[in-house]
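# Structural characterization, general
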Amino acid sequence: MRCINVAIFGCGNRGNFYGEFSKLKPNKMKVVQVVDSNPTALEYAKNFYRLSSEDCYSSFDEWLSKSNKKADAVINCFMDKYHIETTMPLFKLGYDVLLEKPICNDPKELVMLMNESKKYHKVLMVCHVLRYTPFYSKIKKIIDSKELGDLVSLEMAEHVYIPHMMSSYIRGKWRSESECGSPMIMAKCCHDTDLMCWLNVNSRPTYVSSFGERSVFVPKNKPSDATDRCLTCPHMKTCRYSVYWYLLNTAQDPIVFNNAVPGKRWDEVTIEDKKKVFMESDSLGRCAFDGPQDLVDHQVTAVTFENGVTASLNMIGGTSYPCRTIHVTLTGGEIYGVFESNILNVRKYDMEHFSRSNKKIYLGNVGVGHGGGDMRLIEDFIDYLRTGKMSISQTNIDTSIDGHLLGMGADLSDKNRKTVEITEDRKLKLK
C-alpha cells in the first residue's frame, strides 16, 4: 500500500503534532513540503522532516507558484481567516485536504468550499479531533446501537480553565475576532457544535438561540492602581491572571512561546526571554482586563433539531478546572461523563424497584493530544486516502458543515439577540 506524501501549511502547534505521525508511521505518511512565514518555525520543520531548502516555503503564494506537485495531500493549519483562500485552489490542482477547524466563518464560503471539493472529487476532512477520542466514540456507538432507545436531548458544557483562557483567548492568537477571524463559539467550541450534530447525525439543526457576554475580562474590573503590564503591576504576584506565573511554570510554554523568540523553540526560552516577551509583545504581557481581546468570556446556546432532539452548550472561560461535560438523555436511559476523567456513566431505570442502575465505563489511558484524538484523526485521514474505507468518526465536509452552521448561527444569534433559523438550503435567517 502506498505512502501518502503531504505538505504542511503552518508549522505551529497543530501542524507539528500532525506532522509527527510521519515519524511514528513512516510507511504510511511522509512530509515532503512545509510552508510557514515564521523563519524559526520553518527552520525547525526543515530539520525535523529532513527537507531541502527548496521544499520549504515562507508563504502560500510562494508554494503555489513554485511547488511541483510533490505531495498527494495538504494538511492546512494556517490561521482561521486564511483557510478559504489557501484551500480553495487545492482541489483543482489535485490535492486532498485535511483542514484545521474552524473551516471558516461565512456560510456562503463554507458551502462554496464543500462544492469545490466535490466538483474535483477530492477529499476534504476537518480536524474535529474529539470525534476520534475513545470517550466520544463510545458515546456515539451507544447512541447508534439503540440499546438505550432514541435520542432525546444533549446537554454539554465546556469550562476553559484560566491558563488556557489567558494563553489563547485573552492574550494569544485567538484573542480577537477581527485578527484571527473567529468568534469564541467557533474558535473554541466548534468541536462541541460538531459533536452535537455528529451524535444526532440523521437530523440537522433547524433553530439556534445564543447569548454571550464579555463581563469578566473588561476594563471596569481592573484594579485602580493596576498598570498596563503584569510585570510592572503591584498585583503581579497576587492576580490569578498575571503572566508572572508563566515565569515559574512551563505548562503553557508550547502555546505562549512557540516561535515568540526569534531563533528559539518554545522549550529553549529562558526566564529572561519570557520577561522580554512579556514587556515588548503587543498582547502577551498586557493586563487581562484591558488587553486587545474582544471575544465573549461566557456563552450559552440552545438548539433544536429537525427530529425533535434538543441540545444545549454552556461555555465558561476562566474556570479553575478544565473540563468538558456531557449528559445524553435517551428514551431508555442516560449517558453522563466528564471528558477529562475518561469515565462514562450509563444509567437505566428499573421500573420494578423504582430505582436506577449505573454502569461505569473506564476507557483507559488514551494518550496525549485532545484525549488521544489528534493522532487518531491524522491516521484516519491517511488510512482513508490509502484504502478508501470510512471510520465511524470520519470528518469529511458533509458531516462537518452542519456543526459549523450551528456555530455560525449561534454567533449571529448572540450578536443580534434573536433566534436564527438554519434553512434547508444552508442559509442563516434571523427570526
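Residues numbered from 1 in each chain as written. Predicted model: local features only at pLDDT ≥ 70, side-chain atom pairs only at ≥ 80, totals over all residues. Heavy atoms only, no water.

## Re the overall build of the protein
When helices and strands are tallied, the protein shows 16 helices and 16 strands. Compactness check: the protein gives a C-alpha radius of gyration of 22 Å against a globular reference of 22 Å for 431 residues, within 12% of the reference. With the C-alpha coordinates of the protein rotated into their principal frame, the extents come out at 70 × 60 × 45 Å. Taken across its 431 residues, the protein has 54% of its residues classed as buried. Sequence-distant contacts in the protein: of pairs separated by 6 or more residues, those separated by 24 or more amount to 70%. On the protein, roughly 19,000 Å² of surface is accessible, and the fraction owed to carbon and sulfur atoms is 52%. Both charge centroids of the protein, one from 56 positive and one from 53 negative side chains, sit 2 Å from each other. (Helix = DSSP H or I, 4+ residues; strand = E, 2+ residues; numbered from the N terminus. Rg over C-alpha atoms; globule rule 2.2 N^0.38 Å. Buried < 20%, exposed > 50% of the residue type's maximum accessible area, 1.4 Å probe, protein only. Contact = heavy atoms within 4.5 Å. Areas by Shrake-Rupley, 256 points an atom, 1.4 Å probe, with all protein chains shown as cover. Lys, Arg positive; Asp, Glu negative; His and termini not counted. Charge placed at Lys NZ, Arg CZ, Asp CG, Glu CD.)

## What to know about the nonpolar core
Counting 94 residues, the largest nonpolar core has Phe9, Trp63, Tyr136, Ile139, Met166, Val328 and Ile335 as the members making the most contacts within it. When near neighbours in sequence (up to four residues on either side) are disregarded, Phe9 contacts Val35, Phe60, Trp63, Val74, Ile75, Asn76, Cys77, Phe78, Thr86 and Leu90. With 31 residues, the next largest nonpolar core counts Ile8, Tyr132, Phe381 and Ile382 among its residues. (Core = buried A, V, L, I, M, F, W, Y, C linked by side-chain atoms within 4.5 Å.)

## So, the environment of Pro234
Mapped onto the secondary structure, Pro234 falls in the loop between strand E8 (205–213) and helix H12 (244–248). Assessed through its relative accessible area of 53%, Pro234 is described here as exposed. Put simply, Pro234 and Pro223 are eleven residues apart on the chain and 9.9 Å apart in space, counted from C-alpha to C-alpha. Setting aside residues up to four positions removed in sequence, Pro234 forms contacts with Asp225 and Thr227.

## Quick notes on helix H8 (residues 162–170)
Judged by how many residues are buried, H8 sits mostly within the fold: seven of nine residues are covered. Here H8 has its buried residues at Ile162, Met165, Met166, Ser167, Ser168, Tyr169 and Ile170. Where H8 is buried, its residues contact strand E7 (151–161), helix H10 (184–187), H12, helix H13 (253–256) and strand E10 (310–319).

## Considerations on a positive patch on the surface
A cluster of like positive charges, contributed by Lys138, Lys141, Lys348 and Lys359, occupies part of the molecular surface. Within the fold, Lys348 resides in strand E13 (residues 343–350). (Patch = residues over 30% accessible without salt bridge, like charges linked within 9 Å, V, L, I, M, F, W, Y side chains within 5 Å. Salt bridge = Lys/Arg side-chain N within 4 Å of Asp/Glu carboxyl O.)

## Some points on the UniProt feature "domain: Gfo/Idh/MocA-like oxidoreductase N-terminal" (unreviewed entry) in the protein
Following the UniProt record, the feature "domain: Gfo/Idh/MocA-like oxidoreductase N-terminal" (unreviewed entry) maps to residues 4–127 here. The distance separating the terminal C-alpha atoms of residues 4–127 is 18 Å; by composition the span is 41% helix and 21% strand. (UniProt positions renumbered as here; feature names shortened; annotations may be inferred.)

## A closer look at the packing of helix H7 (residues 134–145) against helix H11 (residues 190–199)
Interaxial distance between H7 and H11 falls to 10 Å at its minimum, and their mutual angle equals 25°. The angle between the axes of H7 and H11 places the two elements in the roughly parallel class. Here the hand of the crossing between H7 and H11 comes out right-handed. The segment H7 lies against H11, with Tyr136, Ser137, Ile139, Lys140 and Ile143 engaging Leu195, Trp198 and Leu199. (Axes fitted to C-alpha atoms, helices over the stretch in contact; angles between N-to-C directions. Parallel < 35°, antiparallel > 145°, perpendicular 65-115°, else oblique. Left-handed = near helix turned anticlockwise from the far one by under 90°.)

## A word on the pattern of salt bridges
Here the structure, examined in full by the defined rule, presents 32 salt bridges. Among the salt bridges present, the one from Asp228 reaches Lys222, with a minimum N-O distance of 3.1 Å. Classification of Asp228 as partly exposed rests on a relative accessible area of 45%. Between Asp411 and Lys415 there is a salt bridge; the shortest N-O distance is 3.0 Å. Of the two residues, Asp411 and Lys415 both sit in helix H16 (residues 397–416), four residues apart, roughly one turn of that helix. Each of Lys25, Lys28, Glu379, Asp383 and Arg386 takes part in a single network of salt bridges with overlapping partners.

## What to know about the side chain of Ser209
With respect to the helices, strands and loops of the structure, Ser209 is situated in strand E8. Polar side-chain contacts of Ser209 include one of 2.6 Å to the side chain of Thr419. Ignoring sequence-local partners within four residues, the contact set of Ser209 consists of Val300, Thr301, Ala302, Ser413 and Thr419. (Polar contact = N/O pair within 3.5 Å; in protein donor to acceptor, adjacent residues only side chain to side chain.)

## Details of the packing of aromatic side chains
Evaluated as defined, the whole model comprises 15 aromatic pairs. Centroid distance Phe135 to Tyr136: 4.9 Å. Interplanar angle 85°. Geometry classified as edge-to-face. The burial state of Phe135 is the same as that of Tyr136; both residues are buried. Through a chain of ring-to-ring contacts, the aromatic side chains of Phe9, Phe60, Trp63, Phe78 and Tyr95 assemble into a single cluster. When the ring centre of Tyr95 is taken as reference, the NZ or CZ atom of Lys69 above it lies at 4.4 Å. Over the ring of Tyr44 we find Arg265, and its NZ or CZ is 3.6 Å from the ring centre. (Phe/Tyr/Trp six-rings, centres within 6.5 Å; stacked < 30°, edge-to-face > 60°. Lys NZ or Arg CZ within 6 Å of the ring centre and 35° of its normal.)

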